[in-house]
Amino acid sequence: MRVLVTGRGTSGSWQIRGVQLGAAIGADVVSNAPSAAGYDIAVLVKRQRGDLVRRMQGVPLIWDVVDSWPQPEGNRWDRERCMQWLREQVASIKPAGIVAATRQMADDCQGFGVPVLALPHHARPGLKRNPIREQVQVVAYEGGLQYLGRWMGVVEAECIRRGWRFVTNHGALANADIVVALRDCDGYAARALKSNVKLANAQGSGTPVVCCREAGYLETATGAECWADTDAELRDSLDALSSHEARKAASETLFAGTPALEAIAGKYRQWLQSKF
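The structure reproduced in this document is the subject of the present report. Note that this is a predicted model, so its numbers are computed, not measured. (Residues numbered from 1 in each chain as written. Predicted model: local features only at pLDDT ≥ 70, side-chain atom pairs only at ≥ 80, totals over all residues. Heavy atoms only, no water.)

1. Examining helix α1 (residues 12-24)
Each α-helix turn comprises 3.6 residues. Residues three or four places apart therefore point the same way. Under the 1.5 Å per step criterion, the end-to-end length of α1 is 17 Å for 13 residues, consistent within 8% with the ideal 18 Å. Those residues of α1 lying buried are Ser13, Trp14, Ile16, Arg17, Gly18, Leu21 and Gly22. Gly26, located one to two residues past α1, shows a positive phi value of around 80 degrees. (Helix = DSSP H or I, 4+ residues; strand = E, 2+ residues; numbered from the N terminus. Expected span 1.5 Å × (residues − 1). Buried < 20%, exposed > 50% of the residue type's maximum accessible area, 1.4 Å probe, protein only.)

Here you go:
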């Protein structure tokens, strides 16, 4: 089976679901592919742009939804508005199958009459293993600061109170003692449809992590994650991870539960071969 993976080719999710995962399943990865001629199946990652969908005519087209809704405004939508958007996109793209970033997203797509695969994100290849230092010195956040929102000030205040440093997008996760995967948004898309990517990278590096209760994180949790949806829960989670013993134990469990690229790719290949 010859598979083409295409998309706009500019986002972080394109690197994960397009470049990395596409290569791992043995697909040809071509941003803004001119056509699907010569392929048995095509995968559209994220958003349709221009006439890209039209150029894929002639082969079954799989839509990997990832985080393709309009952002940041879409992160405030309720479930009804999210479903309206999904229905509009499915009507426009007319996919033969859908790849969802969470099981909750997959459940929401079951009514569209096509095969649906719930496929979590893999950990970033080449992550360094966290050595778990004796004392906490650095708490880190990796991602768009606009999504951290009010948590920026809350985390900074907690770190100052403890004599720790809070850094954002500052090198390897293994350079941090704790990473936070928090989002200042309570909309349905943000809570139910967002991927597990921040947790996957914490797991892949064995870095102790504090997450908000999003479906992507809850569905791929190992049991060693700490959780925070309130200021008090963040404070308690940081307290719980203050000791070297607690962080070392968390690191071992997190690392053992890493969603590896090879495993995710194997599940993807099997689904494509069995359904199409």
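2. A look at the packing of α1 against helix α12 (residues 261-275)
Running from amino to carboxyl end, α1 crosses α12 at an angle of 75 degrees, the nearest separation of the two axes being 8 Å. As far as their axial angle goes, α12 and α1 are roughly perpendicular. Packed against α1, whose contacting residues are Gln20, Leu21 and Ala24, the element α12 presents Leu261, Ile264, Ala265, Tyr268 and Arg269 at the interface. When the residues that make up the contact of α1 with α12 are grouped by side-chain class, the tally is 6 nonpolar, 1 polar and 1 charged. (Axes fitted to C-alpha atoms, helices over the stretch in contact; angles between N-to-C directions. Parallel < 35°, antiparallel > 145°, perpendicular 65-115°, else oblique. Contact = heavy atoms within 4.5 Å. Nonpolar A, V, L, I, M, F, W, Y, C, P; charged D, E, K, R; others polar.)

3. A look at the pattern of salt bridges
Applying the stated criterion across every chain, the model contains 20 salt bridges. Arg213 is the salt-bridge partner of Asp229, the closest N and O atoms lying 2.8 Å from each other. Note that Asp229 is positioned in the loop between β11 (226-227) and α10 (231-240) and Arg213 in the loop between β10 (209-211) and α9 (215-219), a separation of 16 residues in sequence. With relative accessibility at 25%, the residue Asp229 sits in the partly exposed group. Under the relative-accessibility criterion, Arg213 is labelled partly exposed at 34%. A network of salt bridges, in which partner residues are shared, links Glu158, Arg161, Arg162, Arg235 and Asp239. (Salt bridge = Lys/Arg side-chain N within 4 Å of Asp/Glu carboxyl O.)

4. Some thoughts on the sheet that holds strand β1 (residues 3-7)
If you walk across this open sheet you meet the 6 strands as β2-β1-β3-β4-β5-β6, and the pairing is parallel. Every other strand in the sheet has two partners, leaving β2 (28-29) and β6 (116-118) as the edge strands with one partner each. One ladder, built from 3 bridges, connects strand β4 (residues 61-64) with strand β5 (residues 97-100); its direction is parallel. What sits directly across from Ile62, in β5, is Gly97. Relative to β6, α12 is tilted by about 170 degrees, and along the sheet it contacts β3 (41-45), β4, β5 and β6. (Pairing = 2+ DSSP bridges.)

5. Points about the packing of aromatic side chains
Going through the model one piece at a time under the given rule, you end up with 4 aromatic pairs. Residues Trp63 and Trp85 carry aromatic rings whose centres are separated by 6.0 Å and whose planes lie at 55 degrees to one another, so their mutual orientation is tilted. With Trp63 in strand β4 and Trp85 in helix α3 (residues 79-93), this pair connects stretches of sequence that are 22 residues apart. Overall, Trp63 belongs to the buried group, its relative accessible area being 1%. Looking at Trp85, the relative accessible area reads 7%, which means it is buried. Ring centres of Trp69 and Trp85 lie 6.5 Å apart, and the angle between their planes is 85 degrees; on these two criteria the pair is classed as edge-to-face. One end of the pair, Trp69, is in the loop between β4 and α3; the other, Trp85, is in helix α3, and 16 residues separate them in sequence. The same class applies to Trp69 and to Trp85, which are both buried. An aromatic cluster is defined as three or more aromatic residues linked by ring pairs; in this entry it consists of Trp63, Trp69, Trp77 and Trp85. (Phe/Tyr/Trp six-rings, centres within 6.5 Å; stacked < 30°, edge-to-face > 60°.)

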